[in-house]
Amino acid sequence: MKAPKYQRMEIFEAAIQTAGHGLADPVKGVQITDKGIVAWAGGRAIRMSYAWNQAYGPNGEPMLGGGDWSAKYVEDCAMPPTVSPASRSW
């Protein structure tokens, strides 16, 4: 098991990859919320879900530390309340 610091880094990495493909403009910000991960760029925000994908060995047992995080587009959404109007677009 990785330390929470590294788990969080991997979640953000997965979210940035998904947001980069889902948003037309370069990603301006990413925030983990109680409803998922929100990323925004160019005045548009998207919400993503995230999940741990466990890896299993040949005998069917979970591999210790094996797996990765993934993020998936859910819907367009409002900007997070902590995002100032000046940082919403370029």
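Structure report, in brief. Since this is a predicted model, take the numbers as computed values, not measurements.

A tally of regular secondary structure across the protein gives one helix and four strands. In sequence order, the secondary structure elements of the protein are arranged as α-β-β-β-β. For the protein, the C-alpha atoms occupy an extent of roughly 50 × 25 × 20 Å along the three principal directions. Here the protein holds 90 residues, and 28% of them are scored as buried. Across the protein, every contact between residues at least 6 apart in sequence was considered, and the portion connecting residues at least 24 apart equals 42%. Carbon and sulfur atoms make up 57% of the accessible area of the protein, which amounts to about 5900 Å² in all. The averaged location of the 8 negative side-chain charges in the protein is 7 Å from the averaged location of its 9 positive side-chain charges.

A separate point is the nonpolar core. It is characteristic of soluble globular proteins that their nonpolar side chains tend to be buried jointly. One finds Ile11, Ala14, Ala15, Ala19, Leu23, Ile37, Ala39, Ala41, Ile46, Met48, Trp69 and Ala71 forming the largest nonpolar core, which totals twelve residues. For this core, the secondary-structure elements that each account for two or more residues are helix H1 (4–22), strand S2 (36–41), strand S3 (44–56) and strand S4 (62–77). Top element by residues in this core is H1. It accounts for four residues. Contact partners of Ile46, with chain neighbours within four places excluded, come to Ala19, Leu23, Ile37, Val38, Ala39, Tyr73, Glu75, Asp76 and Cys77.

Attention now moves to the pattern of salt bridges. Scanning all chains against the criterion turns up two salt bridges. Between Asp76 and Arg44 there is a salt bridge whose closest N-O contact spans 2.8 Å. Highlighted residues: Asp76 in strand S4 and Arg44 in strand S3, separated in sequence by 32 residues. The exposure class assigned to Arg44 is partly exposed, which follows from its relative accessible area of 30%.

Right, let's get into the layout of surface pockets. Looking at the largest pocket, its volume works out to about 150 Å³. If you go around the largest pocket, the residues you meet are Thr33, Asp34, Lys35, Val38, Arg47, Glu75, Cys77, Ala78, Met79, Pro80 and Pro81. Its residues assigned to classes, the lining of the largest pocket shows six nonpolar, one polar and four charged.

Examined against the element boundaries, Trp52 turns out to sit in strand S3. In this structure Trp52 comes out as partly exposed when scored by relative accessible area, which is 30%.

Moving on to the sheet that holds S2. Here four strands make up an open sheet; going across it, the order is S1-S2-S3-S4 and the pairing antiparallel. Each edge of the open sheet is held by one strand with a lone partner, namely strand S1 (29–33) and S4. Neighbour-to-neighbour, the strand axes of this sheet turn through a mean angle of 30°, independent of strand direction. Where S3 lies against S4, eleven bridges are found, and the strand directions are antiparallel. Looking across to S4, one finds that Tyr56 is bridged to Pro62. Along the sheet, H1 makes contact with S1, S2, S3 and S4, crossing S4 at roughly 40°.

Rules of the game
Residues numbered from 1 in each chain as written. Predicted model: local features only at pLDDT ≥ 70, side-chain atom pairs only at ≥ 80, totals over all residues. Heavy atoms only, no water. Helix = DSSP H or I, 4+ residues; strand = E, 2+ residues; numbered from the N terminus. Buried < 20%, exposed > 50% of the residue type's maximum accessible area, 1.4 Å probe, protein only. Contact = heavy atoms within 4.5 Å. Areas by Shrake-Rupley, 256 points an atom, 1.4 Å probe, with all protein chains shown as cover. Lys, Arg positive; Asp, Glu negative; His and termini not counted. Charge placed at Lys NZ, Arg CZ, Asp CG, Glu CD. Core = buried A, V, L, I, M, F, W, Y, C linked by side-chain atoms within 4.5 Å. Salt bridge = Lys/Arg side-chain N within 4 Å of Asp/Glu carboxyl O. 1 Å grid on protein atoms, 1.4 Å probe; cavity = no way out; pocket = protein on both sides within 12 Å on 5 of 7 lines; lining within 4 Å. Points joined across faces, edges and corners; volume = space filled by probe spheres on them. Nonpolar A, V, L, I, M, F, W, Y, C, P; charged D, E, K, R; others polar. Pairing = 2+ DSSP bridges. Axes fitted to C-alpha atoms, helices over the stretch in contact; angles between N-to-C directions.

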